[in-house]
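Inside the fold
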Amino acid sequence: NWPFSRRGFRASVGVSSGFVPVEQSRWQSGSSEAIVLVDLPGPMVWANKLKLGATTSSVTHRQFSLGGSNGIQGLPIDAHFGNIRSFGTTELRFSPIRDASIPMWLWWVTTIQFSSSMELAQVDDKRAAGWTVGLGAVSDIWGQTPYFTGIWMAKSLDYGGFSGPYPTQFYLRLGQNF
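The sections below set out a description of the structure shown in this document.

The rules we used
Residues numbered from 1 in each chain as written. Predicted model: local features only at pLDDT ≥ 70, side-chain atom pairs only at ≥ 80, totals over all residues. Heavy atoms only, no water. Helix = DSSP H or I, 4+ residues; strand = E, 2+ residues; numbered from the N terminus. Buried < 20%, exposed > 50% of the residue type's maximum accessible area, 1.4 Å probe, protein only. Contact = heavy atoms within 4.5 Å. Areas by Shrake-Rupley, 256 points an atom, 1.4 Å probe, with all protein chains shown as cover. Lys, Arg positive; Asp, Glu negative; His and termini not counted. Charge placed at Lys NZ, Arg CZ, Asp CG, Glu CD. Core = buried A, V, L, I, M, F, W, Y, C linked by side-chain atoms within 4.5 Å. Pairing = 2+ DSSP bridges.

Some words on the overall build of the chain
Along the backbone of the chain there are 0 helices and 11 strands. Each helix (α) and strand (β) of the chain, taken in turn from the N terminus, gives the series β-β-β-β-β-β-β-β-β-β-β. The principal-axis extents of the C-alpha atoms in the chain amount to approximately 55 × 35 × 30 Å. Relative to its 178 residues, the chain shows a buried fraction of 40%. Taking contacts inside the chain between residues at least 6 apart in sequence as the whole, the part at least 24 apart equals 55%. Per element, the accessible surface of the chain, about 10100 Å² overall, is 62% carbon and sulfur. The chain carries 14 positive and 11 negative side-chain charges, and their two centres are separated by 3 Å.

Shown next, in the form of structure tokens:
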């Protein structure tokens, strides 16, 4: 039920290799990801994601970040970079309004979702945890293709030495986090 899946799973594995011209920087990397969505009774979905990866890169933009949208969302993306990553998140999604047709100015809202998640990650020997809360909606403009959009607030927890002082992070998304 795109763009608002309530159950299912996805697994992926990727490998890459590269170099920076005119430098001696070369790398190989591999990563994997697994996502499971569990349809709970009523308007609830339990979403889970696990990511693992390793790289030989000394180039920062090819390493794994502990923070940012692909890590602990409550940490800035430059909190820590490293070569070995493990990451897990569990999220509870609550949709009190589903399959509706609420007219707005030029669009119709069909679904409203509230979500809350906990995240835990390790990059090399650094660990961090955080939480997110969000509000999203599925809507369509003039009755065309529906899309999901929302805003999330994220904060790191006092775990693994990454308690702050990091400001609350905000994410505007055009789609589910996962």
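As for the environment of Gly88
For Gly88, the position within the fold is in strand β6 (residues 84-97). Sequence separation of Gly88 and Ala129 is 41 residues, and the distance between their C-alpha atoms is 9.6 Å. Dropping the residues within four chain positions of it, Gly88 is found in contact with Lys49, Leu50, Met118, Glu119 and Leu120.

Brief notes about the side chain of Thr111
Assignment of secondary structure puts Thr111 in strand β8 (residues 107-123). Beyond its immediate stretch of four places on either side in the chain, Thr111 contacts Phe4, Ser95, Ile97, Arg98, Asp99, Gly136, Ala137 and Val138.

Details of unusual backbone geometry
Here Val22, not a glycine, exhibits a phi torsion of approximately 70°, which is positive. Along the chain, the position of Val22 falls in the loop between β1 (8-19) and β2 (26-39). Assessed through its relative accessible area of 86%, Val22 is described here as exposed. Positive phi, close to 55°, is recorded for Asp99, a residue that is not glycine. Owing to a relative accessible area of 72%, Asp99 belongs among the exposed residues under this scheme.

Some words on the nonpolar core
Within the largest apolar cluster, 8 residues are counted, these being Leu66, Ile72, Leu75, Phe87, Ala121, Val123, Ala128 and Phe162. Excluding anything up to four places from it in sequence, Leu66 contacts Gly71, Ile72, Leu75, His80, Ala121, Gln122, Val123, Lys126, Arg127, Ala128 and Phe162. Membership of the second largest hydrophobic core comes to 6 residues, among which are Phe4, Phe148, Trp152 and Ala154.

Observations concerning the pairing of strand β9 (residues 126-141)
Taken together, the 16 bridges between β8 and β9 define a ladder with antiparallel strand orientation. Pairing of Ser115 across the sheet is with Gly134, part of β9. Taking the residues between adjacent antiparallel strands as the criterion, β8 and β9 are bridged by 2 residues, where Asp124 takes a positive phi near 55°. Here β9 runs beside strand β10 (residues 147-156); their pairing, made up of 10 bridges, is antiparallel. Bridge assignment links Gly136 to a residue of β10, and that residue is Gly150. Linking β9 back to β10 in an antiparallel pair, the connection comprises 5 residues, with Trp142 at a positive phi of about 55°.

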